[in-house]
Structure formats: C-alpha cells, structure tokens
Amino acid sequence: MVSKNNPETNVAGNAGLRAWLLAETLVALWDIKRPTCIYGAPGGGKTSIVQQVAKKLGISYVEIHLPTRNLEDFGVPFPNKETGTLPYFLPEWFPENGDRCRKEAKRLEEENKRLEEDLDIGVEIAENKKRIKYLKEEADKKDAWEGILCFDDRGQASRDLQCLLANIVHARTLHEYSLPKGAMVVSTSNRQQDRAGANRALSHLSNRETAYSLQTDVDDWMKWAFENDVKPEVIAFIKWMPGLLHKFDPQQDANPTPRSWVDGVSSVLGVVPRPAEFLSFVGAVGEGAAASFKAFMDIYRDLPDIDDVIANPTTVSVPDEPSKMYALSAALAYRADKKNFDNIAKFINRIPGEFGVLLIKLSTMKNPEVCETKGYIQWAKDNMSITFGT
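Bear in mind the structure is a predicted one, so any value in this text is a computation, not a measurement.

**Student:** Any chance you could explain the overall build of the protein chain here in plain terms?
**Tutor:** For the protein chain, the count of helices and strands is 17 helices and ten strands. Here the C-alpha atoms of the protein chain give a radius of gyration of 28 Å, more than 25% beyond the 21 Å that 2.2 N^0.38 yields for 390 residues. For the protein chain, the spread of C-alpha atoms along the three principal axes comes to 100 × 50 × 45 Å. Relative to its 390 residues, the protein chain shows a buried fraction of 46%. Long-range contacts, defined here as pairs at least 24 residues apart, represent 71% of the contacts in the protein chain between residues at least 6 apart. For the protein chain, the exposed surface amounts to about 20400 Å²; the carbon and sulfur share of it is 50%. Of the side chains in the protein chain, 49 bear a positive and 55 a negative charge, and the two mean positions are spaced by 3 Å.

As structure tokens, then:
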C-alpha cells in the first residue's frame, strides 16, 4: 500500500527514477548541496550511482556504512588541559571545516601578544608563529574540501544514529563542528517491504532531505554492463529475459539482482570448474534464475565461432532459434569496433530485422564509434524508418 507520509513510497510518482536520470539529478543538486536519500531494493546499484556521480564531478567521496557504526564512531569527548574544555575527537572521515583551526590560531596569536613583553620566551613565540601559520593553512585546506558524504544502508541504522544523521543533514554539524560548504550529504536505504532489516526513517530526518526511488531499467543496466566489462553471456541473457535482472523476493535466500548478476555470475564465469557453475549460480541468483541461465549458457556455448562470423559474414550459417540469435547478437556486439563493423553490418543484412536492430543497438551501446563506419551509415540509410521513426 502506498502511504503519502512514507518517504519510501511517496517519491517520483512511486515509479522512481531510472539510473541515468537519478545520476543527472544528483549532479544538478550538487550546485545547491541538497541532502538526498535514495531508496530501492537490495542490489539495485544505489551506492554505485552515488560513487559514479562523485567521479563525474571530480570531487571526493566518503562512504560510511551506517549499520556497522556506533555512536562512539562519530566522536568522543576528550579533555583539553590548555583550554579547560572538553572538545570532541572527530573521526578522520568527517570533513570538518576550518573553524576549529582558525579558533586555535587566534588563541595562539592572543597568547603571543601576552608573551611579547617577556624577552626570555622568544623561542616559545617563534614556535607559536610556526603553529599559527600551519593552522591557517590547514583551515584553508579544510574549507576548500569538496565531496559527497554517503551514508550507506541508513535504513538499517539505529534510531540514535538516525538522530545524529538528522543533525548532520539539517544543521551540517557534528558535535558543533561544521561541514565545509563544499560537502553534500547523500544516504541510501532499502525499503521496509524488502525485509532487509530497514527501519522507517524518522520523520524529522526525512523532512530534511529529498527522497528518490531507484527504478531498475534493463537498457540502463546493459549500457553500464558494457562499460564495466560484464561478460557478454550475462548481457545476452538479461536482454533475452529482462524480467530476471532484478527480481527480489525477501523470502528467498538468494535473488537475481543487478549486483548478483555481476558479482556472483559474471565474475565466476571461466573461473570455477564447469561442473561447479550451476551451484555457483544458484548461490548467487537463486535456483530458478540459475536454471534459466544454465540453459542459456548451453545455447551460448553452441554458437558459431564469432571470429568465423566476422570473417565470413555472407556465408556463415544463420541460427534459426531466437535464443541463439539473442546470444549471437550480444556476442558480436561485444566484439564490434570500427575495424570489423563493416563485416558485421553484412551479417546484419542477412538476419531477421528485429535481431538486426538489436545487434545495432547493442553494438552502438558498447562502442559508439561504430556509428562512423560505412557499414553503419549504410544500414541507417536503408532503415531510416527505424533510425528516425519515420
């Protein structure tokens, strides 16, 4: 049921933002440093998107896995004999601004004024001046810090930690020490219906940020997969059975998710012995998805030799089964480049139209430079109704 008062559901029309749009939105919000929280099922890529945004912006990225932290990890009080105060020792990951350094520099400057009348302590004055110079330089460095503070899996954190996070989000302070102006706070969280241990966000925390829901999209994932060297077998399978990209069931021990397909399937292909493959897949994506992928792999491994298809595009046999054509299209797209695409285009002209469009789409997704080849240009001219929707 959708609740208007629950930030987990009352976001983006309840449909969510696709990965590319969410990333662009975070980039836009960077200019105003608007605090945000990204909700979504486990394994959807929420944290990865935040990492990629920081990389795109060329800024620092600090990730704190909130459920594994205690309140003490956010600072402990420690007596200062010189000032008679009880300041906090902050964690090294917190990008504190330069106020504390400037305050200490000012204290030393005032101390030097008192010491200047005593000629016997010139050494102490000189040491203080060195310290003052250092503190002012450090203050400038701290103020210049720019980056994203990502509090990961914050829904699984305790109420006390959520209260502390609310102060960082709203007042931009931790134990009275302020964030620099260039800091942006982003959180990620699973949803309560995922039964991943997520608690409902405290109302005063959710009221201080913008909540977004991540919508898993096959084309977005495939583009990312090509760019990050995910095995073509996995890409082809997901294109063939897109419903298995992200099918999270909290009642199951293992589920097909974007993360489990990459880390648990793509990464083990060619690594574990073939007799152990199926159980390896089961342990990553569950038995149902593993069985479907195993059947697809049997098809994939029976494909014509890809080098032979590229070298002899006009004479090599064309598979009849749709499953083989999905697999072959992804395998060719994975190999497509400016040097061989003219030959691949000749093969495209021999296969059913829907698979020709698929192969073109996947090839340009993997390597946009193929659009500059004669083969692609000719195909685009011959298929203007598809290319331009006319």
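**Student:** Explain the environment of Leu279 to me, please; I cannot follow it from the model alone.
**Tutor:** Looking at the element boundaries, Leu279 is found in helix 10 (residues 274-285). Assessed through its relative accessible area of 63%, Leu279 is described here as exposed. Note: C-alpha distance between Leu279 and Lys374 (95 residues apart in sequence) is 45 Å.

**Student:** Can you help me understand a nonpolar patch on the surface in this one?
**Tutor:** Together, Val76, Phe78 and Phe89 give the surface a local cluster of nonpolar side chains, amounting to about 280 Å² of exposed area. Topologically, Phe89 is positioned in strand 5 (residues 88-89).

**Student:** Mind showing me how you'd approach the environment of Glu227 here?
**Tutor:** For Glu227, the location among the structural elements is in helix 7 (residues 218-227). What makes Glu227 partly exposed here is its relative accessible area of 49%. With 72 residues separating them along the chain, Glu227 and Gly155 place their C-alpha atoms 30 Å apart. One polar contact links Glu227 to Lys223, side chain to side chain, over a distance of 2.6 Å.

**Student:** Can you walk me through the packing of aromatic side chains in this structure?
**Tutor:** Each aromatic ring pair is specified by the distance between its two centres and by the angle formed by the two planes. Scanning the entire structure with this criterion turns up 15 aromatic pairs. Between the aromatic rings of Trp93 and Phe151, the centroid separation amounts to 6.1 Å while the plane-to-plane angle is 80°, which identifies the pairing as edge-to-face. Taken together, the residues span a long stretch of sequence, with Trp93 in the loop between strand 5 and helix 3 (99-115) and Phe151 in strand 6 (residues 146-152) at a distance of 58 residues. In terms of burial, Trp93 and Phe151 fall into one category: buried. Centre to centre, the rings of Phe237 and Phe293 are 5.3 Å apart; their planes meet at 85°, and the pair counts as edge-to-face. One end of the pair, Phe237, is in helix 8 (residues 232-240); the other, Phe293, is in helix 11 (residues 287-300), with 56 residues separating them in the sequence.

**Student:** For this particular structure, what's the right way to read the state of the cysteines?
**Tutor:** One covalent bond between the sulfur atoms of two cysteine residues makes up a disulfide. Counted according to the given criterion, the structure contains zero disulfides. With no disulfide of its own, Cys37 lies 9.3 Å from the sulfur of Cys150, the closest cysteine sulfur.

Parameters at a glance
- Note on numbering: residues in each chain are counted from 1, in written sequence order.
- This being a predicted model, a pLDDT of at least 70 is required before a residue's local features are given, and a value of 80 or more before pairs of side-chain atoms are given or counted; all residues contribute to the totals for chains, interfaces and linings.
- Excluded from the side-chain calculations are hydrogens and water; all other atoms, namely the structure's heavy atoms, are used.
- The numbering of helices and of strands both runs from the N terminus, where a helix is a DSSP run of H or I of at least 4 residues and a strand a run of E of at least 2.
- Just to be clear, the radius of gyration here is over C-alpha atoms, and the globule rule we use is 2.2 Å times residues to the power 0.38.
- Whether a residue is buried, partly exposed or exposed follows from its accessible area with a 1.4 Å probe, protein chains only, as a fraction of its type maximum: under 20%, in between, or over 50%, in that order.
- What makes two residues a contact is simply this: any of their non-hydrogen atoms within 4.5 Å.
- In this description, accessible areas are obtained by the Shrake-Rupley approach with a 1.4 Å probe, and a residue is regarded as covered only by the protein chains that are shown.
- Residues scored as charged are limited to Lys and Arg (positive) and Asp and Glu (negative), so that His and the chain ends carry no count.
- Charged groups are reduced to one reference atom each: NZ for lysine, CZ for arginine, CG for aspartic acid, CD for glutamic acid.
- Think of a patch as exposed residues, more than 30% relative accessible area, with no salt bridge, where like charges cluster within 9 Å and nonpolar side chains (Val, Leu, Ile, Met, Phe, Trp, Tyr) cluster within 5 Å.
- Think of a salt bridge as a Lys or Arg side-chain nitrogen and an Asp or Glu carboxyl oxygen that are within 4 Å of each other.
- Definition of a polar contact: a pair of N or O atoms within 3.5 Å, with one able to donate and the other able to accept a hydrogen when the atoms are protein atoms, and with sequence-neighbouring residues admitted only if both atoms are side-chain atoms.
- For Phe, Tyr and Trp, where Trp contributes only its six-membered ring, two rings pair if their centres lie within 6.5 Å, and the inter-plane angle classes them as stacked under 30 degrees, edge-to-face over 60, or tilted in between.
- Throughout, a disulfide means two cysteine sulfur atoms within 2.5 Å of one another.

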